[in-house]
Amino acid sequence: MTAAITSSRPSPLLRAFTGVLCAALAFSPLPAAASSPATFGMFAAAPAPASTGNTIGLFRLSGDPAMAEGLRSQILTDMSAAGYNVKGVALDIDGAAGKVKCKGGADACVGKVIEWLNKGAAKSGTVYDYLIYGTVGGPGAPSNIVIYDVAKKAKVKEFSPSINPDDLILPLALPRAMVTTLNNYRTPAAPATPEEQKILAELDEPAKTPEELAAEKAAIDDAIGKVAAGQGELIDTSNVKVDLKKDFKDFCRTGPPKPRVNKDDPKDLRPACKRGPVFGYFQTRAWVALGLTAGALLTTGIFYSLGLAARGPYKSALDDLNNSGLDKTDPLQSDEYTRLASDVADKGNTMRNRLIGGDVALLTTVLLAGVLAVIIYQDRTDAKDFIKTEKSLKSVSRIQNFRGGPILSRGMQGFGFGFNF
C-alpha cells in the first residue's frame, strides 16, 4: 500500500504577512496604559502623598487626666488658630510604642511610632510633619512636653513646666509659647543687618581709660566719706525731749485718723485733739480694753450689791430660828424646826452665791485692768516714739541738701534720710 505524504509548510504569501505584522508591533509605541506601571496596582505601589509642611500629630498627654486633657485642648486651639493642621492621635506616646512593640521610652520609640503612624495615615492622604507628645504631672510631679520634627528626626524643643492646679496663667501661656517656638523654628529670624549691628554697638558704653576709672572711684569714696561724717552728726537725737502734755497741741489731729491702704501701712499715731492729752493717745484696742474693764467693774458692783441685799433676809431667818425656842430633837417640834432651818439655808446659799459671783467679777476686773494698763503704756510709748521721730526730722530738715522721711512699719520704726552730693 502506498501512502501519500502531504507537505505542511506555509505558503510564501502567509509568511510575508506574518513578517510585516511582527515588524509593526516591534516599532509601534506602547499604549499609555501599558507604559504607566502606576495604573496596575498589582505591579507597582501607589505614590506617597505629598507633605504640606504644617501637619501636627497631637498625641494624648499622659499623667494627670484632668490637667492633661485641659492642656491638650488648649494646645489644639492655639495651634489651629496659628494656621497649623492639627490631627489628634487617640493614643499617648507610650500606648503608641506598645502598638509597635517597642520598649525603651518615647525617645527610643518615636521613630517606629512615626513609621506606624504615617503608614496608617497615608490612606487618607495625611503626612505628619511634627509630633507633640508628653506627660503632664500633678502637683509636685514633673511634666514634659515635646515638639518633634518628623523629617529631621529631632526634637524642636522640650518643655518642662511645673503645673499647679491653682495656676491659671501657665495653661494659657505654655501653648502660646509652643506656637511661637514652632513658628521661629520653621521661619528663623533673619540675622541683624549692618545698620542694626551698628546701632547695637553704639548702645554699648565705650571703654573708659584707667584715669577715668580712678577719678570715678575717688569721687565715690569722697562722697561716701562725706555721707558717713554727716550721718554721725545727724543720727544723734539724744537731746530731743518729748512731753506728751506739752507736745499734744503740736501733733494732735482734728479729723479722723488716716485710713490704712493695707495691713503693711503704719497706723496713724497722732492723738485726737478733742479727747485731750489723757485720752487722746488711746488707740482702738485701748478703748476696747477700757470698755471690758468698766463692764467687769459694773458686774462686780451688781453682784456685791445683790449679796449685801440678801444678807438682811438671811439674818432675819436666822434670828427667827434662834428665837423660836424649838427643840429639833422633839418629834412634835421637828417639822417646824426643819422648815425654819431650810429657810435659813436657802437664803444663806443665795447670799453666798451672789458674793462668790462678785469675787469672780472682781478678779476679772483686776485682770482686765492690768491688760488695760499695759495697752495704755504701749500706746503712749508709741506716741512718744512718733513725736520724737517727727521732732528729730524737723530739727535735721533745716540742714542743706538733706532729705528725710518717717519709716513706720511692723518691722521697724524710725526715720530715713539722704544727701545730695
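Each chain has its residues counted from 1, following the order in which its sequence is written. Given that this is a predicted model, residues contribute local features only at a pLDDT of at least 70 and side-chain atom pairs are listed and counted only at 80 or more, while totals for whole chains, interfaces and linings are drawn from all residues. Neither water nor hydrogens contribute to the side-chain values; these are computed over all heavy atoms in the structure.

### A closer look at the state of the cysteines
Put plainly, two cysteines are in a disulfide when a covalent bond ties their sulfur atoms together. Here is the rule we go by: In what follows, a disulfide is any cysteine sulfur pair within 2.5 Å. Under the scheme applied here, a residue whose accessible area is under 20% of the maximum for its type counts as buried, over 50% as exposed, and between as partly exposed, the area being computed with a 1.4 Å probe on protein chains only.
Across all of its chains, the model carries two disulfides by this definition. The disulfide that involves Cys-102 links it to Cys-109, with 2.1 Å between the sulfurs. Here Cys-102 and Cys-109 share a disulfide; its torsion about the S-S bond, -85°, makes the bridge left-handed. Of the two residues, Cys-102 and Cys-109, neither departs from the other in class, the shared state being buried. Paired through a disulfide, Cys-252 and Cys-273 show a sulfur-sulfur distance of 1.9 Å. The S-S bond linking Cys-252 to Cys-273 shows a torsion near 95°; that makes this disulfide right-handed.

### A closer look at the UniProt feature "transmembrane region" (unreviewed entry) in the protein chain
This is how it is decided: UniProt positions are given in the numbering used here, feature names are shortened, and annotations may be inferred rather than shown by experiment. Under the DSSP-based scheme used, a helix requires at least four consecutive residues in state H or I and a strand at least two consecutive residues in state E, with every element numbered from the N terminus.
Sites flagged by UniProt as "transmembrane region" (unreviewed entry) map to residues 286-306 and 355-377. The span residues 286-306 shows a helical share of 100% and a strand share of 0%, and its end C-alpha atoms are spaced 30 Å apart. Here residues 355-377 is 100% helix and 0% strand, with 33 Å between the C-alpha atoms at its ends.

### Structural notes on helix 11 (residues 284-323)
Going by this rule: Working rule for helices: expected span equals 1.5 Å times residues minus one.
Taking 1.5 Å per residue, 40 residues should reach 58 Å; helix 11 reaches 59 Å between its end C-alpha atoms and fits that length. Listing the buried residues of helix 11 in full gives Ala-286, Ala-289, Thr-293, Ala-296, Thr-300, Gly-307, Ala-310, Ala-317 and Leu-321.

### A few points about the layout of surface pockets
The test is simple: Of the two site types, the cavity is a set of points on a 1 Å grid over the protein atoms alone where a 1.4 Å probe fits but cannot get out, and the pocket is an open set with protein on both sides within 12 Å along at least five of seven lines, each lined by residues with an atom within 4 Å of a point. Grid points are joined across faces, edges and corners, and a volume is the space filled by probe spheres set on the points. Gly is placed with the polar residues, together with every amino acid not listed as nonpolar (Ala, Val, Leu, Ile, Met, Phe, Trp, Tyr, Cys and Pro) or charged (Asp, Glu, Lys and Arg).
By volume, the largest pocket amounts to about 270 Å³. Lining the largest pocket are 14 residues, with Arg-253, Pro-257, Asp-268, Gln-283 and Thr-284 positioned closest to its centre. Residues that form the lining of the largest pocket fall into these classes: three nonpolar, three polar and eight charged.

### Structural notes on the packing of aromatic side chains
What counts is decided by this rule: Stacked, edge-to-face and tilted labels apply to pairs of Phe, Tyr and Trp rings (six-membered ring for Trp) whose centres lie within 6.5 Å, assigned for plane angles under 30 degrees, over 60, and everything in between, in that order.
Inspection of the entire model under this criterion finds six aromatic pairs. Ring centres 6.4 Å apart and planes at 80° place the aromatic pair Tyr-130 and Tyr-185 in the edge-to-face group. Of the two residues, Tyr-130 is situated in strand 4 (residues 130-136) and Tyr-185 in helix 6 (residues 170-186); the sequence distance between them amounts to 55 residues. Ring geometry for Phe-248 and Tyr-281: centres 5.7 Å apart, planes at 70°, overall edge-to-face.

### What about the side chain of Thr-55?
Put simply, the test is: Residue contacts follow a heavy-atom distance rule, with two residues in contact if any of their heavy atoms lie within 4.5 Å.
When you line up the elements, Thr-55 lands in strand 1 (residues 55-58). Residue Thr-55 is classed as buried on the basis of its relative accessible area, which comes to 3%. Setting aside residues up to four positions removed in sequence, Thr-55 forms contacts with Asn-85, Lys-87, Thr-126, Val-127, Tyr-128, Asp-129 and Tyr-130.

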